[in-house]
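Descriptive analysis of the structure
These are the residues of each chain, in order.
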Protein chains: 2
Amino acid sequence: MSALAREEALTTRQAVGERLEAFFDARSRHAGAYDRHFRQLWDLAYECAFGGKLVRPVLLIDMYDALSNTPDPDVHEKLLDLGAAVELLHFAFLLHDDVIDGDVQRRGRPNLVGSLLADAPPGVDPEAAAHWARSGAILMGDLVLAGMHQLVARVDLPLAQRSRVLDLIDFTITETVAGEYADVSMGDGILSGALPRVLSTTLRKTATYTFELPLRVAATMAGASTATEETLAAVGRQLGLAFQLQDDLLSTFGIAREHGKDRYSDLREGKQTAIIAFARHTDAWQRLEPLLGNPDLSPAQGALASHLLSECGARAFVEQLVDERYTEVGTLLSDGPVPPRAADLIRSLAGQLRDRRS
Amino acid sequence: MSALAREEALTTRQAVGERLEAFFDARSRHAGAYDRHFRQLWDLAYECAFGGKLVRPVLLIDMYDALSNTPDPDVHEKLLDLGAAVELLHFAFLLHDDVIDGDVQRRGRPNLVGSLLADAPPGVDPEAAAHWARSGAILMGDLVLAGMHQLVARVDLPLAQRSRVLDLIDFTITETVAGEYADVSMGDGILSGALPRVLSTTLRKTATYTFELPLRVAATMAGASTATEETLAAVGRQLGLAFQLQDDLLSTFGIAREHGKDRYSDLREGKQTAIIAFARHTDAWQRLEPLLGNPDLSPAQGALASHLLSECGARAFVEQLVDERYTEVGTLLSDGPVPPRAADLIRSLAGQLRDRRS
């Protein structure tokens, strides 16, 4: 990335950040009209929302610029709102995901549930405080999801374009929830964790809203051809799947991650990843099974599980899956209808994602 | 209500019911494209959603007709969508409320959590099944809330009217969540359950979305004056507060309700109602306190608590609050700008609500 490109990315990020700050600020002030307590919920949510690098909105806006020969400043205003909406959708999903997973941290910092717990008055029964904190996160997820729709519904777009953006949001929410529901169902033993289902769940749960949605909204706003939009959608799915599989690899085999989850937390939770789905059909499974989903897994047991997963070929298998995804992205770009500048943007993003270590 | 009016109400109810059926049907079919399991979640949700009498959409459409001298058939099509949206908002709130309250029934029938529990494969660990069922209801609440916004955003309205309807939805969601959050906070001992807070919570949690929202959307769609809309909003708040206070009275003192909750469930849950807030400042409190919030409350203890709440004047106090609300509705209508046919509609509704025994 050139110095100029880095400067521009910063500017886009700042502009989206300001839009999000204005969103939370207006809602916090409005909540204050009810009571101090409700305002505090919004203020804590704002603090928790702002750990991210806004990769989704930046991708949306950069892709619009790459697809447009003469980017329109009026459209940019609308893109900032749409970019903020994409980030709010991400935040709403995180809020409810964390409640479902029983997590109180995210990126090594307290999430909204954790922040509320820390904020509970002394002397309150711990079980009641936990219920209150979880309920606050469910309700804030609803407020953010509703606020995201409000933002999108008010962007001044021609009817056809508005319908297109609404369709994309609708599709994305359905797909993400389908993935999350399958993930929960596998984790709770309602559905089996066979590899094809684990892969489709991985794709739906993260890839769609993280990569496919911003790329398609950009294509829609830039008036790109259907062929370009569909190729970008396919690229987004490949990138998203690679991204999530790498995340699973880093969680299971990575060194303690700088801003990541506790080491071995995926193993402790018994998360149904592609690594686990592969290992289930190997000889290592007999020794692995009792270690997985054990909330009291010791570091030594974690290291053993990690070693067995490497030995049995699961690590190499998933690393190859990741490599294939990036190869597929290259193929989609070189043979397809995506214009050169847009293809370069994807290649640069894929390079960054491929090299990430946390 | 005349025979003709009853027939018309039936027709409106049927038309909204068909709109809702189409909504769930399309989404169930779309979910089927993912997997049978996700489709089943939509189908169970549809069954659970359809216990209600659609009072909110019927009120919206009847009020539009009462406010319009020449009701427009084109507008009626849009009102059916807006009416369906108001009902979906109600359903989304119920889904998350039930998760927060840990309820598995509603109106004496299994709610979505209860239906999912009944549907879990045999042999699944009961705690895992409970987690899965709760998570399914959280996710379905998100899908319904998102679907409601999709419906509203696609109604073809002029920009000013669209903004007005979006403002009303935004206001209603904020207000309902503010009420629900205060309710949870009081129940969990984070906030004290003083009478003014209990009353404002009661108002926000139910009255706004049940009465104020449909009345204001009707006024907006009929192009009513600001004075009329604001008076109808005030009427809606009074009706809603009376409705919820009556609900508290019926739960605490009523005979076993036909389609209602378990008798004494409010007492068992330690729900912070106006009845309890009043009783806290009477001599009966010392004997009442140990009975409230006891999940194992026996029928004899329930009867004793109910008797003490009557004796100490809490029942008479809340009955008077209810009476004052209906008197206030009468005053707002007779002195105010609401046109005669619209006022008659409210009076007829108030009469039905006042007489209800379940």
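Cut-off values and rules
- Residue indices follow the written sequence of each chain, beginning from 1 at its first position.
- Chains carry letters and ligands carry numbers; both start at the beginning, A for chains and 1 for ligands, and go up in the order they are written.
- Where totals are concerned, whole chains, interfaces and linings use all residues; where local detail is concerned, this predicted model gives features only for residues with pLDDT of at least 70, and gives and counts side-chain atom pairs only at 80 or more.
- The side-chain numbers reported here are obtained from all heavy atoms of the structure, hydrogens and water having been left aside.
- UniProt positions are given in the numbering used here, feature names are shortened, and annotations may be inferred rather than shown by experiment.
- Only runs of H or I of at least four residues qualify as helices and only runs of E of at least two qualify as strands under DSSP, and these elements are numbered from the N terminus.
- Exposure classes here rest on a 1.4 Å probe applied to the protein chains alone. A residue is buried below 20% of its type maximum, exposed above 50%, and partly exposed in between.
- Residues scored as charged are limited to Lys and Arg (positive) and Asp and Glu (negative), so that His and the chain ends carry no count.
- The working definition used for a salt bridge is a side-chain nitrogen of Lys or Arg within 4 Å of a carboxyl oxygen of Asp or Glu.
- Here a residue-residue contact requires only that any non-hydrogen atoms of the pair lie within 4.5 Å.
- By buried area we mean the combined loss of accessible area, with a 1.4 Å probe, across both parts when two parts are placed together.
- Polar contacts, as counted here, are pairs of nitrogen or oxygen atoms within 3.5 Å of one another; within protein the pair requires one atom able to donate a hydrogen and one able to accept it, and residues that are adjacent in sequence qualify only if both atoms are side-chain atoms.
- Segmentation into domains, and thus their bounds, comes from an automatic or database assignment.
- Following the grouping adopted for this structure description, the nonpolar residues are Ala, Val, Leu, Ile, Met, Phe, Trp, Tyr, Cys and Pro, the charged ones are Asp, Glu, Lys and Arg, and the polar ones are all others, Gly among them.
- Axis angles are defined between N-to-C directions and span 0 to 180 degrees, where every axis is a line fitted to C-alpha atoms and, for a helix, only to the segment in contact.
- Should an angle fall under 35 degrees it is taken as roughly parallel, and over 145 as roughly antiparallel, whereas 65 to 115 is taken as roughly perpendicular and any remaining angle as oblique.
- pLDDT runs from 0 to 100 and stands for how confident the predictor is about each residue.
- Patch construction takes residues with relative accessible area above 30% that form no salt bridge. Like charges are linked within 9 Å, and nonpolar side chains (Val, Leu, Ile, Met, Phe, Trp, Tyr) are linked within 5 Å.
- Areas reported here follow the Shrake-Rupley algorithm with a probe of radius 1.4 Å; residue values treat only the protein chains shown as occluding.
- Where a charge sits is defined by one atom per residue type, namely NZ (Lys), CZ (Arg), CG (Asp) or CD (Glu).
- Superposition of the copies used a least-squares fit over C-alpha atoms from residues whose pLDDT is at least 70 in both.

Under the annotation held in an unreviewed UniProt entry, chain A carries the name Polyprenyl synthetase family protein and is attributed to Tessaracoccus palaemonis. Chain A has a UniProt comment under Sequence similarities (unreviewed entry) that states "Belongs to the FPP/GGPP synthase family."

So, the side chain of Asp188 of chain B
By the element assignment, Asp188 of chain B lies in the loop between helix H7 (159-187) and helix H8 (195-221). Buried and unpaired, Asp188 of chain B has Arg134 of chain A as its nearest opposite-charge partner, separated by 7.7 Å. In this view, Asp188 of chain B contacts Val124, Ala128, His131 and Trp132 of chain A; residues no more than four positions away in its chain are not counted.

Structural notes on the interface of chain A and chain B
By a widely used convention, the size of an interface equals the accessible area lost when the partners come together. At the interface, 50 residues of chain A touch 50 residues of chain B. Carbon and sulfur atoms supply 67% of the area that chain A and chain B bury against each other, a total of about 5,100 Å² over both sides. The interface formed by chain A and chain B includes 4 salt bridges. Close ionic contact of Asp170 of chain A with Arg27 of chain B constitutes a salt bridge, the shortest N to O distance being 2.9 Å. The tally of links between chain A and chain B comes to 20 residue pairs in polar contact (both at pLDDT 80 or more).

Concerning the domain arrangement of chain A
Residue and element names in this part refer to chain A. Once the domains are mapped, chain A shows domain 1 (1-156) and domain 2 (159-358). With 32 residues of domain 1 at the contact, the number on the domain 2 side is 34 residues. When the two sides are added together, the surface that domain 1 and domain 2 hide from each other amounts to roughly 2,700 Å², 73% of it contributed by carbon and sulfur. Taken together, the connections running from domain 1 to domain 2 amount to 0 salt bridges. Here domain 1 is connected to domain 2 by 6 residue pairs in polar contact (both at pLDDT 80 or more). Among the elements that make up the side of domain 1 that touches domain 2, the one with the highest residue count is helix H4 (residues 73-101) (11 residues). Classifying every residue of the side of domain 1 that touches domain 2 gives 20 nonpolar, 5 polar and 7 charged.

Observations regarding the pattern of salt bridges
Side chains bearing opposite charge may pair, as long as their charged atoms lie close to each other. Residues and elements named next belong to chain B. Taken as a whole, this structure holds 36 salt bridges over all chains when the rule is applied. Note that Asp323 is salt-bridged to Arg354, the shortest N-O span being 3.1 Å. Within this pair, whereas Asp323 is found in helix H14 (residues 314-335), its partner Arg354 is found in helix H15 (residues 340-355), the two being separated by 31 residues in sequence.

Some details on the environment of Asp81 of chain A
Here Asp81 of chain A is to be found in helix H4. Separated by 60 residues in sequence, Asp81 of chain A and Glu21 of chain A have C-alpha atoms that sit 12 Å apart.

A short note on the packing of helix H9 (residues 226-253) of chain A against helix H15 (residues 340-355) of chain A
Residues and elements named next belong to chain A. At a minimum axis distance of 10 Å, the contact between H9 and H15 shows a crossing angle of 10°. Of the possible angle classes, the one that applies to H9 and H15 is roughly parallel. Residues Leu232, Val235, Leu239, Phe243 and Gln246 of H9 form the contact with H15, whose participating residues are Ile346, Leu349, Ala350, Leu353 and Arg354. Taken together, the residues of the contact of H9 with H15 break down into 8 nonpolar, 1 polar and 1 charged.

Considerations on unusual backbone geometry
For Leu54 of chain A, which is not a glycine, the phi torsion comes out positive at approximately 55°. Mapping Leu54 of chain A onto the fold places it in the loop between helix H2 (36-49) and helix H3 (55-67).

Considering the side chain of Thr273 of chain A
Within the element layout of this structure, Thr273 of chain A appears in the loop between helix H10 (265-269) and helix H11 (274-279). Aside from chain neighbours lying at most four places away, what touches Thr273 of chain A is Val198, Asp248 and Asp266 of chain A.

Some details on the confidence of the model for chain A
Confidence in the prediction for chain A averages 92 pLDDT; 94% of positions are at 70 or higher. Mean pLDDT across the secondary structure elements of chain A bottoms out at H10 of chain A, with 84, and peaks at helix H6 (residues 126-154) of chain A, with 97.

Let's talk about a positive patch on the surface
Residues Arg13, Lys53, Arg107 and Arg109 of chain A make up a contiguous surface patch of positive charge. By the element assignment, Lys53 of chain A lies in the loop between H2 and H3.

Concerning the relation of the copies chain A and chain B
Copies of the same chain, two in number, are related to each other by a rotation about an axis and a translation along it. Structural alignment of chain A on chain B gives an RMSD of 0.0 Å, achieved by rotating through 180° and translating 0.0 Å along the axis. What the rotation and shift describe, once combined, is the action of a two-fold rotation axis. When each C-alpha of chain A is compared by its distance to the rotation axis, Ala153 of chain A comes out closest, at 2.8 Å. When the interface residues of chain A are mapped onto chain B, 100% of them again lie at the interface, so the same face is used by both copies.

Section: the environment of Val104 of chain B
All names here are of chain B. Mapped onto the elements, Val104 comes out in the loop between helix H4 (73-101) and strand S1 (105-106). Each C-alpha atom of the pair Val104 and Phe23 lies 24 Å from the other, and the pair is 81 residues apart in sequence. In this structure Val104 touches Arg109, Pro110, Asn111, Val113, Gly114 and Leu117, once residues within four positions along its chain are discounted.

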